[in-house]
Structures are given as structure tokens and as C-alpha cells.
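# Structural description and commentary
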Amino acid sequence: MAAVDMSAVEETFKKFMKYGDFKATGMTGKNFSKLCKDCKVLGWKKLTQTDIDMEFAKKIKKGSRMSFADFKQVMQAIASKKQAENVDVLFTMIVGKEPVTAGTKISKTGNVSKMTDASQYTGSHKERFDASGKGKGLDGRADRVENTGYVGNYKGDKK
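In short, a report on the structure. (Residues numbered from 1 in each chain as written. Predicted model: local features only at pLDDT ≥ 70, side-chain atom pairs only at ≥ 80, totals over all residues. Heavy atoms only, no water.)

Next up on the list: the overall build of the protein chain. Scanning the protein chain from N- to C-terminus turns up eight helices and zero strands. For the protein chain, the proportion of its 159 residues judged to be buried stands at 28%. Here the protein chain displays about 11,500 Å² of accessible surface, and carbon together with sulfur accounts for 52% of that area. (Helix = DSSP H or I, 4+ residues; strand = E, 2+ residues; numbered from the N terminus. Buried < 20%, exposed > 50% of the residue type's maximum accessible area, 1.4 Å probe, protein only. Areas by Shrake-Rupley, 256 points an atom, 1.4 Å probe, with all protein chains shown as cover.)

Bringing the packing of helix α2 (residues 29-38) against helix α3 (residues 49-59) into the picture now. For the pair α2 and α3, the least separation of the axes is 10 Å and the interaxial angle reads 135 degrees. Our classification of the angle between α2 and α3 gives oblique. Considering the relative orientation of α2 and α3, their crossing is right-handed. Together, Gly29, Phe32, Ser33, Cys36 and Lys37 of α2 and Gln49, Ile52 and Phe56 of α3 make up the contact between the two elements. Of the residues assigned to the contact of α2 with α3, the class counts are four nonpolar, three polar and one charged. (Axes fitted to C-alpha atoms, helices over the stretch in contact; angles between N-to-C directions. Parallel < 35°, antiparallel > 145°, perpendicular 65-115°, else oblique. Left-handed = near helix turned anticlockwise from the far one by under 90°. Contact = heavy atoms within 4.5 Å. Nonpolar A, V, L, I, M, F, W, Y, C, P; charged D, E, K, R; others polar.)

Next up on the list: the side chain of asparagine 31. Note that asparagine 31 resides in helix α2. A relative accessible area of 6% means that asparagine 31 is categorised as buried. Only 3.1 Å separates the side chain of asparagine 31 from the backbone oxygen of tyrosine 19, close enough to count as a polar contact. Aside from chain neighbours lying at most four places away, what touches asparagine 31 is Phe16, Met17 and Tyr19. (Polar contact = N/O pair within 3.5 Å; in protein donor to acceptor, adjacent residues only side chain to side chain.)

Before going further, it helps to spend a moment on unusual backbone geometry. The residue lysine 40 is not glycine, and still its phi comes out positive at about 65 degrees. Summarising the element assignment, lysine 40 is placed in the loop between α2 and α3. Even without being a glycine, lysine 46 presents a positive backbone phi close to 60 degrees. Take lysine 46: it is sitting in the loop between α2 and α3.

The next subject is helix α1 (residues 6-17). An ideal rise of 1.5 Å per residue puts 16 Å on twelve residues; α1 measures up with 16 Å between its terminal C-alpha atoms. Residues Val9, Thr12, Phe13, Phe16 and Met17 constitute the buried set of α1. For α1, the buried positions fall inside an angular range of 140 degrees around the axis, keeping them on one side. Buried residues along α1 sit in contact with α2, α4 (68-81) and α5 (88-94). (Expected span 1.5 Å × (residues − 1). Arc of directions from axis to C-beta.)

This part covers the nonpolar core. The biggest cluster of nonpolar side chains holds 31 residues, and the ones touching the most others in it are Phe32, Val41, Phe71, Met75 and Leu90. At the level of secondary structure, the elements contributing two or more residues to this core comprise α1, α2, α3, α4 and α5. Among residues more than four places away in sequence, those in contact with valine 41 are Cys36, Leu47, Met75, Leu90, Met93 and Ile94. (Core = buried A, V, L, I, M, F, W, Y, C linked by side-chain atoms within 4.5 Å.)

Moving on, we come to the packing of aromatic side chains. Tallying each qualifying case throughout the model produces six aromatic pairs. Note on phenylalanine 13 and phenylalanine 71: the rings are 5.0 Å apart at their centroids and 45 degrees apart in plane angle, and the pair reads as tilted. Of this pair, phenylalanine 13 sits in helix α1 while phenylalanine 71 sits in helix α4, placing them 58 residues apart in sequence. Both residues of the pair, phenylalanine 13 and phenylalanine 71, count as buried. (Phe/Tyr/Trp six-rings, centres within 6.5 Å; stacked < 30°, edge-to-face > 60°.)

Moving on, we come to the pattern of salt bridges. When the charged atoms of two side chains lie near each other, side chains of opposite charge can form a pair. Summed over all chains, the structure comprises five salt bridges. Across the pair lysine 82 and aspartate 51 runs a salt bridge, and its minimum N-O distance is 3.7 Å. Linking lysine 82 in the loop between α4 and α5 with aspartate 51 in helix α3, this pair joins segments that are 31 residues apart in sequence. Residue lysine 82 shares its accessibility class with aspartate 51, and that shared class is buried. The salt bridge partner of glutamate 55 is lysine 58, with a shortest N-O separation of 3.3 Å. Of this pair, glutamate 55 and lysine 58 both sit in helix α3, separated by three residues, roughly a single helical turn. In this structure lysine 58 comes out as exposed when scored by relative accessible area, which is 57%. One salt-bridge network, in which partners are shared between bridges, spans Asp51, Lys81 and Lys82. (Salt bridge = Lys/Arg side-chain N within 4 Å of Asp/Glu carboxyl O.)

Next up, the structure:
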């Protein structure tokens, strides 16, 4: 097996290290876990989340961040724990990957359109929108009191 380009591995390490904190100088356990998940290291040879967390905790003291040298040591420990012939197997899985962002996706079934169509609203919710579907604001939410009727101590229309 050909040797892995460590500069490419380090580049991927830096992308995951800075994920969520662009000023980061070391990788947190959370980001290391994300790297393992996104690069499919998690699940390789039945590697579990607990295995990953344990190896991280063994090498990195609590509250510290992992440098690239520490990262290589942790990956070596994971490879030896799972009896891999070489840590390069893990490094080839990592090279060229980037953090995956889930994001919000648009519904494919269209079930959201019924919830956002004001013409189909019933009851008190129906009163909050005009015929075109535009919201009425406060007029649709509160019962407005008009001071035009006869009431004791009525002082007249103050317009």
C-alpha cells in the first residue's frame, strides 16, 4: 500500500478542527467525533463511538484540545486496537473529506403547504388573516374596543 500524503491528512484535520470555531488551534472531542463519523471511521471494523471517545480521553487530558501530532497518536491507537495492519488505512479514509452540514431540507411530500395556506384555517385562526392570506396584525389577534356607545361617565368621541 502506498504511503498517505500527510499534508492532505493535516488539511482535512484542520477543516474539522475549525468546524464551528474558525479561530480554533486544536481539535475538541466533539469535532474529533464528527471527523470519525463523517469520514466513516466510525463503524470501520465495528469501531464504536465509545471506542473513539475512550482513545481521545486516554491521549488528551480533560479540557484540552488535540494537536495534529496527538491526532496521529490517537489514530495509531485506534488502528492497533482494531488490529489494523497499518494506520494508513485510517488516513486514506480521512484524506480529502470535509465536515458535512445537515441543514434544513424542503419537504418533498408537500404536507407543509396545508399548514401555511391561510385560506384553509378554521376557528379563531381564520380571523387573523384577510381574504388574500395577509395577516391582519393586532386587529386579527385582539378584540378592539370602540368607545362609541353610551356608558356612564362617557365624555364623548375624542377624535
